[in-house]
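Listed here are the chains, written in short residue letters.
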Amino acid sequence: MDWKQVPVPGEFCGVPGLVRFGSGNEARATSTVWGQVEIVRGLRVQYGDSDEDGRDEAVLSVGCSDEVTMNDQVAMGFVVYTHAGNDLAVLGSITPRRKTDQYTTLLTGVEFAPGRIIVHEKWYRPNDAHCCPSGDATTVWLREDGRLTPGTTRVAS
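These figures come from a predicted structure and were not determined experimentally.

**So, the overall build of the protein**
Helix and strand content of the protein: zero helices and 11 strands. Ordered by position in the sequence, the α and β elements of the protein form the string β-β-β-β-β-β-β-β-β-β-β. Over its C-alpha atoms the protein spans a radius of gyration of 16 Å, differing by no more than 12% from the 15 Å that the globule rule assigns to 157 residues. Seen along its three principal axes, the alpha-carbon backbone of the protein occupies a region of about 45 × 40 × 25 Å. Here the protein holds 157 residues, and the buried ones make up 44% of them. Partitioning the contacts of the protein with sequence separation of at least 6, the portion at a separation of at least 24 is 38%. Roughly 8,300 Å² of accessible area belongs to the protein as shown, and the carbon and sulfur atoms make up 48% of that amount.

**What about the packing of aromatic side chains?**
Overall, the coordinates contain two aromatic pairs when judged by the stated rule. Here the aromatic rings of tryptophan 3 and tyrosine 81 are separated by 5.3 Å at their centres, their planes lie at 55°, and the arrangement is tilted. Highlighted residues: tryptophan 3 in the segment before strand E1 (8-9) and tyrosine 81 in strand E6 (residues 75-84), separated in sequence by 78 residues. Both residues of the pair, tryptophan 3 and tyrosine 81, count as buried.

**A short note on the sheet that holds strand E9 (residues 116-123)**
Taking strand neighbours across the sheet as the criterion, the four strands line up as E8-E9-E10-E11 in an open arrangement whose pairing is antiparallel. Across the chains shown, the open sheet's two edge strands, defined by having one partner strand only, are strand E8 (106-113) and strand E11 (147-155). The average angle at which neighbouring strand axes cross in this sheet is 25°, direction not considered. Here E9 runs beside strand E10 (residues 135-144); their pairing, made up of eight bridges, is antiparallel. Across the sheet, arginine 116 pairs through a bridge with leucine 142, a residue of E10.

**Thoughts on the state of the cysteines**
With the rule as written, the count across this model stands at two disulfides. At a sulfur-sulfur separation of 1.8 Å, the disulfide partner of cysteine 13 is cysteine 64. Here cysteine 64 lies in strand E5 (residues 57-66) and cysteine 13 lies in the loop between E1 and strand E2 (18-19), a separation of 51 residues in the sequence. Cysteine 64 gets classed as buried once you look at its relative accessible area, which sits at 0%. At a sulfur-sulfur separation of 2.1 Å, the disulfide partner of cysteine 131 is cysteine 132. Since a negative S-S torsion denotes a left-handed disulfide, the cysteine 131-cysteine 132 link at about -85° is left-handed. Sequence-ordered numbering of the bonded cysteines in the protein yields a pairing of 1-2, 3-4.

**Here we look at the environment of asparagine 86**
With respect to the helices and strands, the residue asparagine 86 is situated in the loop between E6 and strand E7 (87-94). The sequence separation of asparagine 86 and glycine 17 amounts to 69 residues, and the corresponding C-alpha distance is 22 Å.

**Quick notes on the pattern of salt bridges**
Inspection of every chain in the model, using the stated rule, returns five salt bridges. Taking the shortest distance from any N to any O, the salt bridge between glutamate 38 and arginine 28 comes out at 3.4 Å. Residue glutamate 38 is located in strand E4 (residues 35-48), and its partner arginine 28 is located in strand E3 (residues 26-31); the two are separated by 10 residues in the primary sequence. Taking the relative accessible area as the measure of exposure, glutamate 38 reaches 16% and is therefore buried. Judged by its relative accessible area of 57%, arginine 28 falls in the exposed class. With a closest N to O distance of 3.3 Å, arginine 143 and aspartate 51 form a salt bridge. One end of the pair, arginine 143, is in strand E10; the other, aspartate 51, is in the loop between E4 and E5, with 92 residues separating them in the sequence.

Procedures and definitions
Residues numbered from 1 in each chain as written. Predicted model: local features only at pLDDT ≥ 70, side-chain atom pairs only at ≥ 80, totals over all residues. Heavy atoms only, no water. Helix = DSSP H or I, 4+ residues; strand = E, 2+ residues; numbered from the N terminus. Rg over C-alpha atoms; globule rule 2.2 N^0.38 Å. Buried < 20%, exposed > 50% of the residue type's maximum accessible area, 1.4 Å probe, protein only. Contact = heavy atoms within 4.5 Å. Areas by Shrake-Rupley, 256 points an atom, 1.4 Å probe, with all protein chains shown as cover. Phe/Tyr/Trp six-rings, centres within 6.5 Å; stacked < 30°, edge-to-face > 60°. Pairing = 2+ DSSP bridges. Axes fitted to C-alpha atoms, helices over the stretch in contact; angles between N-to-C directions. Disulfide = S-S within 2.5 Å. Salt bridge = Lys/Arg side-chain N within 4 Å of Asp/Glu carboxyl O.

Right under this line is the structure:
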């Protein structure tokens, strides 16, 4: 799979429709929330089988930066791709569930299990520096009727 050719849904960043990338991993778009934004696609794709069909789903990290105020990152998400016959289809977008008034919560990893995708988050406490979120949380996203829905978020620290 040539992931550089695969568009991502822009909903995590308030961008309607799909975002297509040129030759690189960055694209510019207009967000209904932040105006002009830069969307960055992660380089690492994570694979696992959450529907037990013997074929892996794929998770791709995406980030969104505000170009006007130059905020480092205003939104982050994981896009989950699955199979639709022989084609690739978007199963859904995963966004942080543990939100604060500080910086954007980071999605740090995924685990695949039957019927679910477990997502690990790092969130900022009020006294955390921008470099170093100290909060840990986990959300189990359920795969039901061809869609992803978030379950309860468990704050570990």
